[in-house]
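Per-entry structural report
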Amino acid sequence: MARIVDVHARRVWDSRGRPTVEAEVILKGVRGRAIAPAGASTGAGEAKALAADVAVRNVNGPIRAALLGVDARFQDAVDAKLIALDGTPDKSRFGANAIVAVSLACLHASAAAAKRPLWRHLAGERRVAMPVPQVQIYGGGAHARGRVDIQDYLVVCPGAGSFAESLEWIAEVYHAAGARLAKKGAQLGVADEGGWWPSFKSNEEGLAELVGAISDAGFEPGADVAIALDVAATQFYRGGRYHLALENRSLTAEQLHAMFMRWLDAYPIVSIEDPFAEDDHEAMRAFTRAAGARVQIVGDDLFVTDAARLDPELANTVLLKPNQIGTVTETLACWDAAQDKGMRAIVSARSGETEDVSIVHLAVGWSVAQLKVGSFSRSERMAKWNEGLRIEEALGGKALLYPARKLFK
Ligand code: PGA
Ligand code: ZN
């Protein structure tokens, strides 16, 4: 038995200096701990976080009372209890931040009771591989006060042979990108996820600069290091049009579609997230029909980690963020549903993060082939990349990456 003998939450602080919820689930002799992250460009369909102090009280009151005596090893039963007790479709009674912290803390507690690292506890005896890192180089959108409209300019390394090698290469590209900005005389700072604060005259200039940084670092754009975008288009969609504030123009969905198609021809882009607004399904469908065979098209705000929303006609890949749906069990159900539908997945952090590294273990333990946790600076990001290095070492260190070349051919 691994009965829960206590549940406790406290208010801690995230990477934006905002309060959040840390939960502990205590068994006899061991405990598990997890912290809820927070988004800035949240999807309308996400589970709702409550004020941290209210969420903490909900954990220490009704959630604790409900979970005392429950066997922590049965994650689905624990999560079902949390869902039923909350009773709302969006977790707004207890708060998604309260629920996700407890759900993840329970998972950590059962791994600790089994005396196994979390990734191994999840994988069982299955062989696992390291996920391909997707790393932000410039931050924009809601994470940089709208300094550019595109939210994330990221890179992946189809040519790297391991997780560690991907990070080596990305470090070079990240520093080359900073050096290029400094050379232009731009003020060097970083956005919410640690990517360079953008200083571009157009959204497209960010792409050209990123290709320049990849070359400056000594890599071949496309073959060694390729580009991924998170457009987060819901953020600049108003009245049926897409408003590119940086360029002082607004586009119809058809015009934005044409712009992306031109970018796909001109730049080594292998992945594009939320290219249209979360409720502009018509535009998503048209884009996936036109480009889905040649590029990864990712639904974040579009699918909000909700198995019931997955539709491969809208996007071929789903972003998995546990706090978007609220529990470990529902996050895994979304990944299972994606596999049933022939879709890919990426485990992702939020723009408001902490030292919590649970998601790295989820990616490895669930065999999700890609991981996106922000940029290559700020310790809430580096804690996760570094945890990946520890896991890769435990796995034996080589040829352990998912074949990125196959993912991004
Ligand atoms: P968010 O951004 O955490 O602010 O929602 C991350 C993302 O859009 O992927
Ligand atoms: Zn996103």
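Look a little higher up for the structure.
The following refers to the structure shown. No experiment lies behind these values; they were computed from the predicted model shown.

Working reference: metal with six octahedral donors, ideal angles 90 or 180 degrees; metal with four tetrahedral donors, ideal angle 109.5 degrees. For the zinc ion (ligand 2), the full set of protein donor atoms is Asp230 (OD), Glu273 (OE) and Asp300 (OD), and the range of their distances to it is 2.0 to 2.2 Å. Sequence positions of the residues that donate to the zinc ion (ligand 2) give the spacing D-x42-E-x26-D. Pair noted here: aspartate 230 is in strand β6 (residues 226-230) and glutamate 273 is in strand β10 (residues 269-273), with a separation of 43 residues, a long-range link. We note that aspartate 230, like glutamate 273, is buried.

What follows covers the packing of aromatic side chains. Applying the stated rule across the entire model yields 13 aromatic pairs. Both rings, one in tyrosine 138 and one in tyrosine 153, keep their centres 5.8 Å apart while their planes meet at 80°; by these two values the pair is edge-to-face. Of the two residues, tyrosine 138 is situated in strand β4 (residues 132-139) and tyrosine 153 in strand β5 (residues 152-156); the sequence distance between them amounts to 15 residues. Residue classification places tyrosine 153 among the buried residues on the basis of a relative accessible area of 0%. Where phenylalanine 163 meets tryptophan 385, the ring centres are 6.3 Å apart and the plane angle is 50°; that geometry is what we call tilted. Pair noted here: phenylalanine 163 is in helix α5 (residues 163-183) and tryptophan 385 is in helix α12 (residues 379-395), with a separation of 222 residues, a long-range link. Here phenylalanine 163 falls in the buried class, since its relative accessible area comes to 0%.

Here we take up the site of ligand 1. Neighbouring ligand 1 are 14 residues; Ala40, His143, Arg350, Ser351 and Lys372 lie closest to it. Measuring from an oxygen atom of ligand 1, one finds a side-chain N or O atom of aspartate 230 at 3.1 Å. Within the side chain of serine 351, an N or O atom sits 2.6 Å from an oxygen atom of ligand 1. Summarising the interface, the protein chains cover 99% of the accessible area of ligand 1, which totals 280 Å² for the free molecule. Across the shell around ligand 1, the residue classes break down as 2 nonpolar, 5 polar and 7 charged. Residue-level mapping places the shell around ligand 1 at the junction of two domains, with at least three residues from each of domain 1 (6-115) and domain 2 (132-407).

Another aspect to go through is helix α6 (residues 203-216). Counted at 1.5 Å a residue, the expected span for α6 with its 14 residues is 20 Å, and the 20 Å between its end C-alpha atoms agrees. Looking only at α6, the buried set comprises Asn203, Glu205, Gly206, Leu207, Glu209, Leu210, Gly212, Ala213 and Ile214. After α6 finishes, the residue glycine 218 shows a positive phi value of roughly 95°.

This paragraph deals with the pairing of strand β11 (residues 296-299). Neither face of β11 is open: one carries Gln296 and Val298, the other Ile297 and Gly299, and all of them are buried. Taken together, the 3 bridges between β10 and β11 define a ladder with parallel strand orientation. Pairing of isoleucine 272 across the sheet is with isoleucine 297, part of β11. With helix α8 (residues 281-291) bridging β10 and the parallel β11, this β-α-β connection has right-handed handedness. Here β11 runs beside strand β12 (residues 317-320); their pairing, made up of 2 bridges, is parallel. Among the inter-strand pairings, valine 298 is bridged to a residue of β12, identified as threonine 317.

What follows covers the sheet that holds strand β3 (residues 31-35). Pairing is antiparallel in the open sheet, where 3 strands are placed in the order β1-β2-β3. Pairing within the sheet leaves two strands with one partner each, and these edge strands are β1 (6-13) and β3. Neighbouring strand axes in the sheet, compared pairwise and without regard to direction, differ in orientation by 20° on average. Two strands pair when backbone bridges link them, and strand β2 (residues 19-26) and β3 are joined in this way by 5 bridges, in the antiparallel orientation. In the sheet register, isoleucine 26 faces β3, and the bridge partner there is arginine 31.

Here helix α10 (residues 328-340) is 13 residues long and its end C-alpha atoms lie 18 Å apart, about the 18 Å a rise of 1.5 Å per residue gives. All of the buried residues along α10 are Val328, Glu330, Thr331, Cys334, Trp335, Ala337 and Ala338. Residues of α10 that are buried in the fold lie against α2 (75-86), α3 (96-113), β12, α9 (322-325) and β13 (344-348). Positive backbone phi, approximately 75°, marks glycine 342, located one or two places after α10.

This part takes up unusual backbone geometry. Despite not being glycine, lysine 115 shows a phi value in the positive range, around 60°. By secondary structure assignment, the location of lysine 115 is in the loop between α3 and α4 (118-123).

Here aspartate 86 is to be found in helix α2. No salt bridge is formed by the buried aspartate 86; the nearest opposite charge belongs to arginine 93, separated by 5.7 Å. Within the structure, the side chain of aspartate 86 is placed 2.5 Å from the side chain of threonine 88, a separation counted as a polar contact. Excluding residues that lie within four positions of it along the chain, aspartate 86 makes contacts with Lys91, Ser92, Arg93, Phe94, Gly95 and Ile99.

Our focus in this paragraph is the sheet that holds β12. The sheet built from 8 strands closes into a barrel, its strands ordered β4-β5-β6-β10-β11-β12-β13-β14 with mixed pairing. Adjacent strand axes in the sheet meet at a mean angle of 30° when their direction is disregarded. Sitting on the sheet, α5 touches β4, β5 and β14 (370-372), and the angle it makes with β4 is about 10°.

About the cut-offs
- Throughout this description, residue numbers start from 1 for each chain and increase along the sequence as written.
- Chain labels run from A onward and ligand labels from 1 onward, assigned in the order the entries are written.
- In keeping with the model being predicted, local features are shown solely for residues with a pLDDT of at least 70 and side-chain atom pairs are shown and tallied solely at 80 or more, while totals for entire chains, interfaces and linings include all residues.
- Side-chain metrics rest on all non-hydrogen atoms present in the structure, leaving aside hydrogens and water.
- Distances define the donors: N, O and S atoms within 2.8 Å of the metal qualify, as do those within 3.2 Å of Na, K or Ca. Water is excluded, so some sites may look unfinished.
- Secondary structure elements are taken from DSSP: a helix is a run of H or I of four residues or more, a strand is a run of E of two residues or more, and numbering for both begins at the N terminus.
- When a residue's accessible area, from a 1.4 Å probe over protein chains only, is under 20% of the maximum for its type it is buried; when over 50% it is exposed; and in between it is partly exposed.
- Ring pairs shown here join Phe, Tyr and Trp side chains whose ring centres sit within 6.5 Å, with only the six-membered ring taken for Trp; geometry is labelled stacked below 30 degrees between planes, edge-to-face above 60, and tilted in between.
- Nearness here has a simple test: a residue counts as near a molecule or strand if at least one of its heavy atoms is within 4 Å of that partner.
- Residues adjacent in sequence count toward polar contacts only when both atoms are side-chain atoms; beyond that, a polar contact is any pair of N or O atoms within 3.5 Å, and within protein one must be able to donate a hydrogen and the other to accept it.
- The accessible surface values rely on the Shrake-Rupley method and a 1.4 Å probe; as for residues, cover is taken only from the protein chains in view.
- Ten residue types, Ala, Val, Leu, Ile, Met, Phe, Trp, Tyr, Cys and Pro, are classed as nonpolar, four, Asp, Glu, Lys and Arg, as charged, and the remainder, Gly among them, as polar.
- What fixes the domain bounds is an automatic or database domain assignment.
- Any helix carries an expected span of 1.5 Å times its number of residues minus one.
- We treat two strands as partners when DSSP finds at least two bridges between them.
- When the strands point away from the viewer, a crossover counts as right-handed if the path from the first strand over the helix to the second runs clockwise.
- Working convention: axes come from line fits to C-alpha atoms, limited for helices to the stretch in contact. Angles between N-to-C directions cover 0 to 180 degrees.
- By definition, residues are in contact when any of their heavy atoms lie within 4.5 Å.
- Within this scheme the basic residues Lys and Arg register as positive and the acidic residues Asp and Glu register as negative, but His and the chain ends are omitted.
- Definition used for salt bridges: Asp or Glu carboxyl oxygen within 4 Å of a side-chain nitrogen of Lys or Arg.

None of the figures reported here should be taken as evidence of function without further support.
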